[in-house]
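Take a look at the letters that make up each chain.
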Amino acid sequence: MLKRPFGLAVSFIAIIATSPLLILIAIWIKLDSPGPVFYRGARVGLHGKLFRIYKFRSMVINADKIGGPSTAGDDPRITRAGKVIRRFKLDELPQFINVLKGEMSLVGPRALPCLEQEVLEKEIEGFRDRLQIVPGLTGLSQVYNKEDENLLKLRLDKEYIDTMNI
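Residues numbered from 1 in each chain as written. Predicted model: local features only at pLDDT ≥ 70, side-chain atom pairs only at ≥ 80, totals over all residues. Heavy atoms only, no water.

## Topic: the pairing of strand β2 (residues 50-56)
In terms of residue burial, β2 counts as a mostly covered element, since five of its seven residues are buried. With seven bridges joining them, strand β1 (residues 38-44) and β2 adopt antiparallel strand pairing. Each residue of the ladder has a partner; that of Val 44, found in β2, is Leu 50. The loop that links β1 with its antiparallel partner β2 comprises five residues; one of these, His 47, has a positive phi angle of about 60°. (Buried < 20%, exposed > 50% of the residue type's maximum accessible area, 1.4 Å probe, protein only. Helix = DSSP H or I, 4+ residues; strand = E, 2+ residues; numbered from the N terminus. Pairing = 2+ DSSP bridges.)

Structural data, given as structure tokens:
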């Protein structure tokens, strides 16, 4: 299948092409607030295997202990740099590393945090089917599901799984 080699090539090129921007974002995050440059959250991947997703840190240290997992645009845990990088989705750029490592693909169901995956598996029959393919940086669910409605997520993920191609 061409999907993996295509993902490797695009990810490699994207990292090289955006490297000056990645360096500037990393410096900005370090100057803006104490803590690491990257957030490495646990996600559920192919066949339920856990992996660490790479994102630029957009929140204060220990944000998960200060508040819940869901964040609104005015969440005080979001740093100044975080507001900008989230607005333009720049916090997602390091996920190309996950694609290079084979933990993610360019397109597929969203990689969910462990707790969210467990809850949705209990709520929605067939939700676990999403784990039969590699999660993606983006997918139908992210593009068409602006309300974050779980049944729509599942329907869109299943549609992608049934019709996926390069």
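## Points about the side chain of Asp 157
Residue position: Asp 157 is located in helix α7 (residues 150-163). The exposure class of Asp 157 is buried, given its relative accessible area of 3%. Residues within four places of Asp 157 in sequence aside, it is in contact with Pro 109, Arg 110, Arg 130 and Ser 141. (Contact = heavy atoms within 4.5 Å.)

## Regarding the sheet that holds β2
A sheet is described by the order of its strands in space; here three strands give the open sequence β2-β1-β4, paired in antiparallel fashion. Strands with a single pairing partner mark the edges of an open sheet, and in this sheet they are β2 and β4 (112-113).

## Let's talk about unusual backbone geometry
In the Ramachandran plot, His 47 falls in the positive-phi region, its phi being about 60° despite a non-glycine side chain. Following the sequence through the fold, His 47 ends up in the loop between β1 and β2. His 47 sits in the exposed class, given a relative accessible area of 54%. At Asn 62, a position not held by glycine, the phi torsion is positive, near 60°. Mapped onto the secondary structure, Asn 62 falls in the loop between β2 and α2 (63-66).

## Observations concerning helix α1 (residues 3-32)
Here α1 contains 30 residues, and its C-alpha end-to-end distance of 38 Å is more than 12% below the 44 Å for a straight helix at 1.5 Å per residue. Maximal helix bending in α1 amounts to about 65°, located at Ser 19; proline Pro 20 follows within four positions. For α1, the complete set of buried residues consists of Lys 3, Gly 7, Ser 11, Ala 14, Leu 22, Ile 25, Ala 26, Ile 29 and Asp 32. (Expected span 1.5 Å × (residues − 1). Bend = angle between axes of the 7 residues up to and from the residue.)

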